[in-house]
Amino acid sequence: MSSIAVPRPPARRRRLTAEVRMRQIIEAALIEFSEKGFTATRMDDIAARAGLSKGGLYAHVKSKDQIFETLLFKILSPSFNNRKWMLDDGDTLAEVVDAFIAHTYDRVTDPDFIAALRLLITESHRAPHLVDYWRREVLDIYLKEQKTMLEHCRARGLVRHSPLTQQAELLMAPALYAAITRMIFGEKATQASLKDLRRAHAQLLMELLEPVEA
């Protein structure tokens, strides 16, 4: 009997789903845009970073603009469920505030979120049409829904009238301050103060939203 080993056929490469590939492209684009800027980044750079040929990249996206737009939508889109403000599931206002704070600070301390926010700030003048589209189609719609929910809560006596029910942007303002200071000073320099800010933010929301007892 021969002792020569029969070589095994090469393992078939597992085909990645379109969703996984798109996530790789977005991650690669975020790095390239952050290092080179939107204008200087080439599609070749993004393809190489994502481990794709240029043709493979174009099989998933049509242009650099589309990649930038998708990046903003996927990473910077608020995702807290505004329906929770209605307290329809038996939650108390304190529980919803705690959930909102936890969700918000998980986002603003995420490295990808910080990188995308920095990109949004630095590249807004180079791609104003994309940034404006993201604002109209994502941020404005989310804030309008949040304001509507709070107004319904106020009408039902679940929260009281305050600057927060008039201007929903104020709900997230301290967290955005945390994100900006994190961008400027880095994670280590802001870690201790972040805990205090998070606690104070929750207290502020409760004091401005909790109904006043008759």
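This text goes with the structure placed above it.
Residues numbered from 1 in each chain as written. Predicted model: local features only at pLDDT ≥ 70, side-chain atom pairs only at ≥ 80, totals over all residues. Heavy atoms only, no water.

Novice: Which parts of the structure should I look at to understand the overall build of the chain?
Specialist: The helix and strand tally for the chain stands at 10 helices and 0 strands. Ordered by position from N to C terminus, the α and β elements of the chain give α-α-α-α-α-α-α-α-α-α. Computed over C-alpha atoms, the radius of gyration of the chain comes to 23 Å, more than 25% over the 17 Å expected from 2.2 N^0.38 for 214 residues, which places it beyond the range of a compact globule. Based on the C-alpha atoms only, the size of the chain along its principal axes is roughly 90 × 55 × 35 Å. Intrachain contacts of the chain at a sequence separation of at least 6 include 70% that bridge at least 24 residues. Counting every atom, the chain has about 13000 Å² of accessible surface; 54% of that belongs to carbon and sulfur. Side-chain charges of the chain comprise 31 positive and 28 negative groups, with the mean position of each set lying 8 Å from the other. (Helix = DSSP H or I, 4+ residues; strand = E, 2+ residues; numbered from the N terminus. Rg over C-alpha atoms; globule rule 2.2 N^0.38 Å. Contact = heavy atoms within 4.5 Å. Areas by Shrake-Rupley, 256 points an atom, 1.4 Å probe, with all protein chains shown as cover. Lys, Arg positive; Asp, Glu negative; His and termini not counted. Charge placed at Lys NZ, Arg CZ, Asp CG, Glu CD.)

Novice: Would you mind going over the pattern of salt bridges with me for this structure?
Specialist: Two side chains of opposite charge can pair, provided their charged atoms sit close to one another. What the rule picks out here adds up to 15 salt bridges. Asp132 is paired through a salt bridge with Arg135; the nearest N and O atoms lie 2.5 Å apart. With Asp132 and Arg135 both in helix α7 (residues 128-155) and 3 residues apart, this pair spans about one turn of that helix. Looking at Asp132, the relative accessible area reads 28%, which means it is partly exposed. Looking at Arg135, the relative accessible area reads 34%, which means it is partly exposed. One salt bridge connects Arg182 with Glu187, and the closest N-O pair in it is separated by 3.6 Å. The partly exposed category is assigned to Glu187, whose relative accessible area is 48%. Members of the salt-bridge network, linked through shared partners, are Glu32, Glu35, Lys36 and Arg49. (Salt bridge = Lys/Arg side-chain N within 4 Å of Asp/Glu carboxyl O. Buried < 20%, exposed > 50% of the residue type's maximum accessible area, 1.4 Å probe, protein only.)

Novice: Looking at this structure, I do not really get a nonpolar patch on the surface. What am I missing?
Specialist: Where nonpolar side chains cluster on the molecular surface, the patch consists of Ile180, Ile184 and Phe185 and spans about 320 Å² of accessible area. Examined against the element boundaries, Ile184 turns out to sit in helix α9 (residues 173-185). (Patch = residues over 30% accessible without salt bridge, like charges linked within 9 Å, V, L, I, M, F, W, Y side chains within 5 Å.)

Novice: Looking at this structure, how should I read the side chain of Thr41?
Specialist: Mapped onto the elements, Thr41 comes out in the loop between α1 (18-36) and α2 (43-50). For Thr41, the side chain forms a polar contact with the main-chain oxygen of Glu32, separated by 3.2 Å. A distance of 2.7 Å separates the side chain of Thr41 from the backbone oxygen of Gly37, its partner in a polar contact. Setting aside residues no more than four positions away along its own chain, Thr41 makes contact with Glu32, Phe33, Lys36, Ile46 and Lys64. (Polar contact = N/O pair within 3.5 Å; in protein donor to acceptor, adjacent residues only side chain to side chain.)

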